[in-house]
Amino acid sequence: GGLCIFSKIYDKFKKFIKENYKQIIILVVFLVVMNYPLNYSVMVSGGTINVNDRVSIEGESKSKGSYSLAYVSELRGTIPSVLLSYIIPDWKKVPLEDYQASDKETNEDIELRSKVFLKYSEQAAIKLAYLKSGNSFKLNSTDVTVVYIDPKAQTNLKVGDVIKKVNSKNISSNNDYKSVVEPSNIGDRLDLKVLRNNKIVDANIKVAEIDNEKITGVSLLEIYNYETNPKIKIDFKGNESGPSGGLMLTIAIYDKLVSKDLTNGLKIVGTGTIDYDGNVGQIDGVAYKLKGAVKKGADIFIAPTGENYQECVKLKKKKGYKIDIIEAKAFEQVIRQLENYKK
């Protein structure tokens, strides 16, 4: 019985394909063409992420207001999204090369590097906030992490790999890595143990001569892992990455560690990278981020000094926004401004 029903369904399906195959082919081709990735990303809007949802500290002091990171929503560059960027005034296409460190890089490389920079930002934020608030922290380990691979490099390493060993030597700094490369001969193959997706895997790289220099063709970033007292837990979601939330993360952690409430009960949104010395750096898409903050009813927007800040002031004037804009040069300066803030 079952076989007979299956046979009837199969015959009907065959008949349907036979009668409609031209339309099916056209539909498949259309879907493939419409989803074909172009070398663009399309900025479409800004939003905010409440830091309280991502950070928890044992015995933290609560704030009446809130701190949020500003972010930009982007669409993958396809024929429809790129065409719409010419029609919708607030949509902006960005060439993929603006994110690429070389024209050989893939979207995966860019995304992996963004995750590396998020980790760097998290640890820089912890160090600064604990140091400035007088709480204890100590360096637990250092991750020597691949952030860029030269197209000429002969290796199976990936962006985001943490190098643990080279030729059996333990690696815990960039200098450890250099100390193995320097005595090697051009053409030597180095055997590596790397941490990738929480697993130790084997990799290798050849020592080469590039631009009259004896190198392996990878750029490495030291990411420090801190153990803290009180304990801290930072938990960003899988699709959240990049360094642009560093400043706001640092301020939010600091405010949880000190008794004074620096929010003054206000909704504070901001953006900007942070380094281990507390310097604030520029970010992309600041206009989208300011618009997103205004949409969410923020009282204060913190923008990195320079072009970012100037762009925000110009947009505020043009749109008649009531939001206050704080110019961020360094972490400590922003803290002082929040401490003395008068609306």
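Conventions used here
- Residues numbered from 1 in each chain as written.
- Predicted model: local features only at pLDDT ≥ 70, side-chain atom pairs only at ≥ 80, totals over all residues.
- Heavy atoms only, no water.
- Helix = DSSP H or I, 4+ residues; strand = E, 2+ residues; numbered from the N terminus.
- Buried < 20%, exposed > 50% of the residue type's maximum accessible area, 1.4 Å probe, protein only.
- Contact = heavy atoms within 4.5 Å.
- Lys, Arg positive; Asp, Glu negative; His and termini not counted.
- Charge placed at Lys NZ, Arg CZ, Asp CG, Glu CD.
- Core = buried A, V, L, I, M, F, W, Y, C linked by side-chain atoms within 4.5 Å.
- Expected span 1.5 Å × (residues − 1).
- Patch = residues over 30% accessible without salt bridge, like charges linked within 9 Å, V, L, I, M, F, W, Y side chains within 5 Å.
- Areas by Shrake-Rupley, 256 points an atom, 1.4 Å probe, with all protein chains shown as cover.
- Salt bridge = Lys/Arg side-chain N within 4 Å of Asp/Glu carboxyl O.
- Phe/Tyr/Trp six-rings, centres within 6.5 Å; stacked < 30°, edge-to-face > 60°.
- Pairing = 2+ DSSP bridges.
- Axes fitted to C-alpha atoms, helices over the stretch in contact; angles between N-to-C directions.
- Parallel < 35°, antiparallel > 145°, perpendicular 65-115°, else oblique.
- Left-handed = near helix turned anticlockwise from the far one by under 90°.
- Nonpolar A, V, L, I, M, F, W, Y, C, P; charged D, E, K, R; others polar.

Visitor: So what's going on with the overall build of the protein chain? Residues and values would help.
Guide: When you go through the protein chain residue by residue, the secondary structure sums to 8 helices and 18 strands. With respect to the three principal axes, the spread of C-alpha positions in the protein chain is 75 × 60 × 50 Å. Taking all 343 residues of the protein chain together, 44% fall into the buried category. Of the contacts formed within the protein chain by residues at least 6 apart in sequence, a portion of 72% connects residues at least 24 apart. Each charge sign in the protein chain was given a centre, from 51 positive and 42 negative side chains, and these centres are 7 Å apart.

Visitor: Summarise the nonpolar core; cite the residues concerned and give the values.
Guide: Counting residues in hydrophobic clusters, the biggest one holds 44 residues, and the most contacted among them are Tyr67, Ile251, Ile253, Ile302 and Leu338. Mapped onto this core, the elements with two or more residues apiece are strand 2 (55-57), strand 3 (66-76), helix 3 (107-133), strand 12 (218-229), helix 5 (246-257), strand 17 (300-304), strand 18 (324-328) and helix 8 (331-339). Here this core gets 9 residues from one element, more than from any other, and that element is helix 3. Apart from the residues within four sequence positions on either side, Ile302 is in contact with Leu247, Met248, Ile251, Ile268, Val269, Gly270, Thr271, Ile326, Ala328 and Val334. Of all hydrophobic cores here, the second largest spans 20 residues; its members include Val144, Val166, Val180 and Val194.

Visitor: Describe in detail helix 5, supporting the description with residues and values.
Guide: Its 12 residues give helix 5 an end-to-end C-alpha distance of 17 Å, which sits within 8% of 16 Å, the value for a rise of 1.5 Å per residue. Residues Gly246, Leu247, Met248, Leu249, Thr250, Ile251, Ala252, Ile253, Tyr254, Asp255, Lys256 and Leu257 constitute the buried set of helix 5.

Visitor: Describe a nonpolar patch on the surface, listing the residues and the values that go with them.
Guide: On the surface, Phe13, Phe16, Ile17, Tyr21, Ile24, Ile25, Val28, Val29, Val32 and Val33 cluster together into a nonpolar patch covering about 890 Å² of accessible area. Position of Phe13 relative to the elements: it lies in helix 1 (residues 2-35). A relative accessible area of 51% means that Phe13 is categorised as exposed.

Visitor: Run through the packing of aromatic side chains, naming residues and quoting values.
Guide: Aromatic rings in a pair are described by how distant their centres are and how their planes are angled relative to each other. Counting across every chain of the model gives 4 aromatic pairs. Taking 5.4 Å as the distance between ring centres and 80° as the angle between the ring planes, the aromatic pair formed by Phe137 and Tyr226 counts as edge-to-face. Placement of the pair is Phe137 in strand 5 (residues 136-149) and Tyr226 in strand 12, with a sequence separation of 89 residues. You can call Tyr226 buried: its relative accessible area is 17%.

Visitor: An account of a negative patch on the surface is needed here, citing residue identities and associated values.
Guide: A contiguous patch of negative charge, built from Glu74, Glu97, Asp98, Asp103 and Asp284, is present on the exposed surface. When you line up the elements, Asp98 lands in the loop between strand 4 (92-95) and helix 3.

Visitor: Tell me about the sheet that holds strand 4, residues and numbers included.
Guide: Strand pairing in a sheet is mediated by backbone hydrogen bonds. Such pairs are either parallel or antiparallel. Spatially, 6 strands are ordered 4-1-3-14-17-18 in an open sheet, and the strand pairing comes out mixed. The open sheet has two free edges, formed respectively by strand 4 and strand 18, since each of these has just one partner strand. Pairwise comparison of adjacent strand axes, ignoring direction, gives a mean angle of 35° for this sheet. Bridge analysis of strand 17 against strand 18 gives 5 bridges, and the strand direction is parallel.

Visitor: Quick rundown of the pattern of salt bridges? Include the residues and the values.
Guide: Overall, the coordinates contain 14 salt bridges when judged by the stated rule. Two residues, Arg189 and Asp191, come together in a salt bridge whose shortest N-O distance is 2.7 Å. In this structure Asp191 comes out as partly exposed when scored by relative accessible area, which is 38%. For Asp202, the salt bridge is made with Lys193, and the minimal N-O distance between the two is 2.6 Å. Residue Lys193 is classed as partly exposed on the basis of its relative accessible area, which comes to 36%. Each of Glu60, Lys62 and Lys256 takes part in salt bridges that share partners, so that together they form one network.

Visitor: Any chance you could break down the packing of helix 5 against helix 8 for me, citing the residues and the numbers?
Guide: Remark: helix 5 packs on helix 8, axes separated minimally by 11 Å, with the N-to-C direction vectors making an angle of 55°. One way to sum up the angle between helix 5 and helix 8 is to call them oblique. The interaxial crossing formed by helix 5 with helix 8 has right-handed handedness. Contacts between helix 5 and helix 8 involve Leu247, Thr250, Ile251 and Tyr254 from the first element and Phe331, Val334, Ile335, Leu338 and Glu339 from the second. Class assignment of the residues belonging to the contact of helix 5 with helix 8 gives a composition of 7 nonpolar, 1 polar and 1 charged.

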